[in-house]
Amino acid sequence: MLSALEKVAPTYEESLEQAHQIMDVAGRVLPVTYEQGRITAVYESGRVIHGETLLDEEGIDGSRIASLTLEPEVHITHQAREAIEGADYIVLGPGDLYSSIIVLSRVKGVMEAVQSARATLIYVSNLMTKSSQTYGYKVSDHVNDIETYFGRRPDVVVANTGHIPDDVVEYYRLSRDIPVVCDLASTKTTKVVEADVVSNMTHMAAANGVHAATQAHSILRHDSAKLAHILGILCP
């Protein structure tokens, strides 16, 4: 729908406002930037890839990402900066660690806004690893990378303790992915909330002739009601 509105609205901002009105959303959706940048990831193995599509491919080489940048440099919008700096709570996730979350920190001005914000910073950890981004990661690895790129350690970390069925675990294993293990305990500066936040339903997309492993990341979800309940307690 947003793509269709972009074709008829004079600006992206106006197409977004029209989408707000049509969908009658209660909150606001604020793009962090209106500029275009391309992801560049450098792995510890020395391999360099360009573009989100390649970053989302499974099993690049099993090595970790050493650095992530956006080229050319893009800048945070005034509205996004104000929203971050004035927020009571900032929730990161759920989403792919590098291509959905850390990439935001590469927008110039985002890291500074998060650092200066008085908001409680909450990170919702992933359910499963992703071999092209978080191969072999535990919760602590995710949190450490968040701190490295945003320059601020999360105040609260939400980690799943809900059961993931054996057949789903096996399905992900085809892509060399495993459940993310919580290896963190609460400290004076970071509260760890362990809870069942996994959906009881799996989303088995039709492979359409493509090997099942290429679809693996589309079958498991956080349960929106369970997660909303936890966040409601954390963000009264």
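Residues numbered from 1 in each chain as written. Predicted model: local features only at pLDDT ≥ 70, side-chain atom pairs only at ≥ 80, totals over all residues. Heavy atoms only, no water.

## Looking at unusual backbone geometry
Outside of glycine, negative phi angles account for most residues, and trans bonds account for most peptide bonds. Put simply, glutamate 71 and proline 72 share a cis peptide bond, and its omega is -5°. For proline 72, the location among the structural elements is in the loop between strand E3 (65-71) and helix H4 (78-85). The omega torsion of the bond from glycine 93 to proline 94 falls at -5°, within 30 degrees of zero and hence cis. For proline 94, the position within the fold is in the loop between strand E4 (89-92) and helix H5 (97-105). The backbone of arginine 176 shows a phi angle near 65°, a positive value even though the residue is not glycine. (Helix = DSSP H or I, 4+ residues; strand = E, 2+ residues; numbered from the N terminus.)

## With respect to the side chain of threonine 190
Within the secondary structure, threonine 190 is located in the loop between helix H8 (166-173) and strand E7 (191-195). Dropping the residues within four chain positions of it, threonine 190 is found in contact with Arg153, Pro154, Asp155, Val157 and Ala185. (Contact = heavy atoms within 4.5 Å.)

## Some thoughts on the nonpolar core
If you look at the biggest cluster of nonpolar residues, it comprises 40 residues, and the most contacted ones within it are Leu55, Leu68, Ile90, Leu92, Tyr98 and Tyr123. Each residue touching leucine 92, except ones within four places of it in the same chain, is listed here: Ile101, Leu121, Ile122, Tyr123, Val124, Ile146 and Phe150. (Core = buried A, V, L, I, M, F, W, Y, C linked by side-chain atoms within 4.5 Å. Buried < 20%, exposed > 50% of the residue type's maximum accessible area, 1.4 Å probe, protein only.)

## Structural notes on H8
Listed in full, the buried residues belonging to H8 are Val168, Tyr171 and Tyr172. One side of H8 carries all its buried residues, which in axial view fall inside an arc of 95°. Exposed and oriented more than 90 degrees from the buried face of H8 are Asp166 and Asp167. (Arc of directions from axis to C-beta.)

## Things to note about the sheet that holds strand E2 (residues 48-50)
Ordered by their spatial adjacency, three strands build an open sheet running E2-E1-E3, and the pairing between neighbours is antiparallel. Only two strands of the sheet have a single partner each, and these edge strands are E2 and E3. Here the average twist between neighbouring strands, direction ignored, is 15°. Relative to E2, strand E1 (residues 38-43) runs antiparallel, the two being bridged by three bridges. Looking across to E2, one finds that threonine 40 is bridged to histidine 50. H5 rests against E1 and E3 of the sheet, and its axis sits at about 65° to E3. (Pairing = 2+ DSSP bridges. Axes fitted to C-alpha atoms, helices over the stretch in contact; angles between N-to-C directions.)

## Focus on the sheet that holds E7
In space, the four strands of this open sheet follow the order E4-E5-E6-E7, with parallel pairing throughout. The sheet is open, and its two edges are formed by E4 and E7, each paired on a single side. For this sheet the average axis-to-axis angle between neighbouring strands, irrespective of direction, equals 20°. Bridge count between strand E6 (residues 156-160) and E7: five bridges; the pairing is parallel. What sits directly across from alanine 159, in E7, is glutamate 194.

## With respect to the pattern of salt bridges
Counted according to the given criterion, the structure contains seven salt bridges. Two residues, aspartate 141 and arginine 64, come together in a salt bridge whose shortest N-O distance is 3.3 Å. Of the two residues, aspartate 141 is situated in helix H7 (residues 139-150) and arginine 64 in the loop between helix H3 (52-55) and E3; the sequence distance between them amounts to 77 residues. By relative accessible area, aspartate 141 is classed as buried at 16%. For arginine 64, a relative accessible area of 29% corresponds to the partly exposed category. The partner of glutamate 170 in a salt bridge is arginine 173, with the nearest N and O atoms 2.7 Å apart. Of the two residues, glutamate 170 and arginine 173 both sit in helix H8, three residues apart, roughly one turn of that helix. Classification of glutamate 170 as partly exposed rests on a relative accessible area of 38%. (Salt bridge = Lys/Arg side-chain N within 4 Å of Asp/Glu carboxyl O.)

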